[in-house]
Amino acid sequence: MSRTSWSAAAAVALLPLLAACVPNDPAGGAASSDAPGALTVSSTADACEVSADSAPSGTLTFSVTNDGSDVTEFYLLADDGLRIVSEIENIGPGISRDLVVQAAPGDYYTACKPGMVGDGIRAAFTVTDSGQEVGPTGDTADQLAAAEAAYVAYVKDQAGSLIAGTQEFADAYAAGDDDRARDLYAATRVHWERVEPVAESFGDLDPTLDLREADLEDGQAWTGWHLIEKDLWQPTPDANGGETYVPLTAEERAAAADDLVANTQKLVDQVTADGFTFEAFQIANGAKGLLDEVATGKVTGEEEIWSHTDLWDFQANVDGARVAYEVLQDVVTEQDPDLAADLDQRFVDLEGLLAAQGSVDAGFVAYTDLTDAQVAELAAAVDALSEPLSRLTTTMTGA
Amino acid sequence: MTAAPGPGGTRPGAPRTGMSRRALLGLGGGLVAGAAAAGAAGAVAVDAARSPAPAAPSSGADRTYPFTGAHQAGIVTPAQDRLYLAAFDVTTTDRDALVDLLRRWTVMAARMTQGLPAGQFAPASGPYDAPPDDTGEAADLPAAGLTITFGFGRSLFVGAPGATGPDADRFGLAGRLPAGLIELPHFAGDDLDPARSDGDLVVQACADDPQVAVHAVRNLSRAAFGTARIRWTQLGYGRTSSTSTAQKTPRNLFGFKDGTANLKAEETADVEAHVWVPASAATEGGTDAAWLTGGSYLVARRIRMHIETWDRSSLREQEALVGRNKGEGAPLSGGTEFTEPDLDATGGDGTPLVALDSHVRLAHPTQNDGVRMLRRGYNFTDGNDALGRLDAGLFFLAFVVDPRTHFVPMQTRLSSQDGLMEYLVHTGSGLFAVPPGVPDGALPTGADGTPALAEDGPFVGQALFG
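Everything in this summary refers to the structure shown in the same document. In this text, all values refer to a predicted model and were calculated from it rather than measured experimentally.

1. Side note on the environment of Ala-207 of chain B
All names here are of chain B.
Thought 1: The residue Ala-207 is located in strand β5 (residues 201-207) in this model.
Thought 2: Expressed as a C-alpha distance, the spacing of Ala-207 and Thr-113, which sit 94 residues apart in the sequence, is 9.2 Å.
Thought 3: Those residues in contact with Ala-207 that lie beyond four places of it in its chain are Gln-80, Arg-82, Ala-144, Gly-145, Leu-146, Val-212 and Ala-213.

Encoded structure:
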């Protein structure tokens, strides 16, 4: 991902209809060959034909078509020929893709890189002053690096709390202290749910720890939190597909508890390993992913079908998304102040609704105690937040 | 029974051939070529005043109707084959956010009705790390005669029934409530589901292709997240009314022609008298409702039909209940489909040929103080109930000048006296004030010549917020 900058109004101009109301931009925005900000690029084995060698400052859209036979890339480079202003990669033969960039007046280079090697086929490109305000062009690399460091620190902190809590929970459960285990269940899982996108990035860990019974393939062994959840909140036959629930034996309990701790420790080991990083675009994708989790699992009460502690998970997912947003907030505010203002408000709205149902410290009401109207209101607030959150990644990758 | 259309009557909203999405996107050069073509189409089609309609054939899936005009499209527009109607609840109390939404909806509707993508980028282009600004399922489809019509429910002005305090007047609009936007009374036999009734806003999308209509509502709903959410929606097919004399009378799920006597676009004097809200109504309720002048009221009723029992009734009973014969649609007093029924004609035993409890008699203008309505209903089939019966019927839509004179009295009579009621139950209901259109030529365009969002751009219902 390039870390160089384009401008403030960028994402607003990108998606004008879905963003808050913005002034019509006569100098660019729409991709038409008649529009001054719209350019076409044809990349072949030995040529990089750009439809014009200059454009007025503002939103530029390069529609890049790979007319060659090798995979290609396209770059807009700063006047030193080194700094990448923006780029698109992995354009297969015959494919077209857009590079949308906010460009300030100045000298640039365009470059196609067929075969993805070498310095590329370059040409000078001039952005003239349209008089339109283009946002700050300072290098945001430092801000993004700081964001990534802050997020990794958060993940490590949550992982530390998770392993300590999981050990305590597993001990209580293995020892048959079910009341204690039930008390600890939701509050411990909060640390997991806050950083779940990180766990998902390790692929095999998430299923071993967080698979729900409904997700199991035929014959697949069930491990993790929800196996124990069911054993702690044992269903009646009616709620168990007509079958009498068979509690786990002492040996099975011990094995389930050991598995849970061991797999959680693997997660901790991975995030505390030297060199563990989580890039800005991953943080942004993770924030959206957390809200998707809420929309499909928590707000429907499907995540915790035995304990009905879905609102803890809900709060934790929102916490995780908010932290992810907050570490990126300086960059977002600079790139797209309207998006930042939208997100600020909608986090407040959603957290206000959740606060009416409890807190992680004081406990939440059971999902089954929510009225249909309350669930609908929460779902609407989740949708309201998710829609602008889905534009966070493009703000990062464009930064 | 329909007044004959005037000779040489104009055809409001006459379709013309526009640029199809396929044409827009399939020009080979990718986005740029496509958008250039889109610009041309948009510039032609959006502004009817500047670009008189060419004499294009009225058939073809790529027909488009102008979005702008004195009245909103989708009312006297020849009824398209498919409907997707959505009622929304506004979830914010921020008046500016509501205005923003209406402004965004206006631009999106102006674009989609001309076969353009909802946003400035095509659904398969734009920034690679952003979700596309159009959902894409209509990308290869023509405009299919899409119209999008917006309306406001009573709850937008005064809150849900029984609301008090700030909940009652969330947007400072109570003083703008039009006198006709009443709470509909309970009619005999109503079994209304609140989850299929009412709403703060309504969007009626009609097209000849259901995917185009659904695409429109889906994208508008997406733009509304955080400001409004869908309360209920209804899919309809097989238009059950003709709104133009050029259209053949269709049939409802009872198998009878429906809408023979419907008010048609060509009957300009009657449309003026029975559909559009006159300036004289503006202060009638002691409120300032001048914003609705030139608009209309939309009555929506989801009428489930007990089709299984209907199908077991004799042809004699079916025709007697409707008052027309099933094949031709002629009144039982004789003639052909468009012959006026003779309500005084009797048979050999002295009983009226058009029965006293027949639908045609009870709904006839002479029995209803001469009122007429412009109906625009559709058939629906929403799966089945637990007993294996189709959840099917008629989604009744009518545009009227005032529901107090043009719907409530007739429905009161029908619900208590109409023999057909034995086979009907009303399961959903909505009443909406439909503002006039956005004037021709008023919408700003972007660099590519297509409708674009502008901070002070006009929007449907703007006068309500002025």
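2. Details of the nonpolar core
Thought 1: Counting 170 residues, the largest nonpolar core has Ile-283 and Leu-328 of chain A together with Leu-146, Val-203, Ala-205 and Ala-213 of chain B as the members making the most contacts within it.
Thought 2: Considering each element in turn, this core owes the most residues, 13 residues, to helix α9 (residues 310-335) of chain A.
Thought 3: Within the second largest apolar cluster, 25 residues are counted, among which are Leu-60, Tyr-75, Ala-103 and Ala-111 of chain A.

3. Here we look at the sheet that holds strand β7 (residues 96-103) of chain A
Residue and element names in this part refer to chain A.
Thought 1: Judged by pairing direction, the sheet is mixed, and its four strands sit side by side in the order β2-β1-β4-β7 without closing on themselves. Two strands lie at the open edges of the sheet, namely β2 (48-50) and β7, each paired on one side alone. Here the strands of the sheet are splayed against their neighbours by 20° on average, with no regard to which way each runs.
Thought 2: The pairing of strand β4 (residues 58-66) with β7 spans eight bridges and is classified as antiparallel. Each bridged residue has a counterpart across the sheet, and for Phe-62 the counterpart in β7 is Leu-99.

4. Some thoughts on the sheet that holds strand β3 (residues 54-56) of chain A
Residues and elements named next belong to chain A.
Thought 1: Read across the open sheet, the five strands follow the order β3-β9-β8-β5-β6; overall the sheet is mixed. The two strands at the open ends of the sheet, each matched to only one other strand, are β3 and β6 (84-91). Ignoring strand direction, the axes of neighbouring strands in this sheet form an average angle of 20°.
Thought 2: Bridge count between strand β5 (residues 72-77) and strand β8 (residues 106-112): four bridges; the pairing is antiparallel. Across the sheet, Tyr-75 pairs through a bridge with Ala-111, a residue of β8.

5. Points about the pairing of β6 of chain A
Residues and elements named next belong to chain A.
Thought 1: Where β5 and β6 come together, five bridges link them in antiparallel fashion. Bridge assignment links Phe-74 to a residue of β6, and that residue is Ile-88.
Thought 2: The antiparallel pairing of β5 with β6 creates a hairpin that spans six residues between the two strands, and Gly-81 there sits at a positive phi of about 70°.

The rules behind these values
- Residues numbered from 1 in each chain as written.
- Chains lettered and ligands numbered in written order.
- Predicted model: local features only at pLDDT ≥ 70, side-chain atom pairs only at ≥ 80, totals over all residues.
- Helix = DSSP H or I, 4+ residues; strand = E, 2+ residues; numbered from the N terminus.
- Contact = placed C-beta atoms within 7 Å.
- Core = buried A, V, L, I, M, F, W, Y, C linked by C-beta atoms within 7 Å.
- Buried ≥ 20, exposed ≤ 12 C-beta atoms within 10 Å, placed from the backbone.
- Pairing = 2+ DSSP bridges.
- Axes fitted to C-alpha atoms, helices over the stretch in contact; angles between N-to-C directions.

This is a description of form; function is not addressed.
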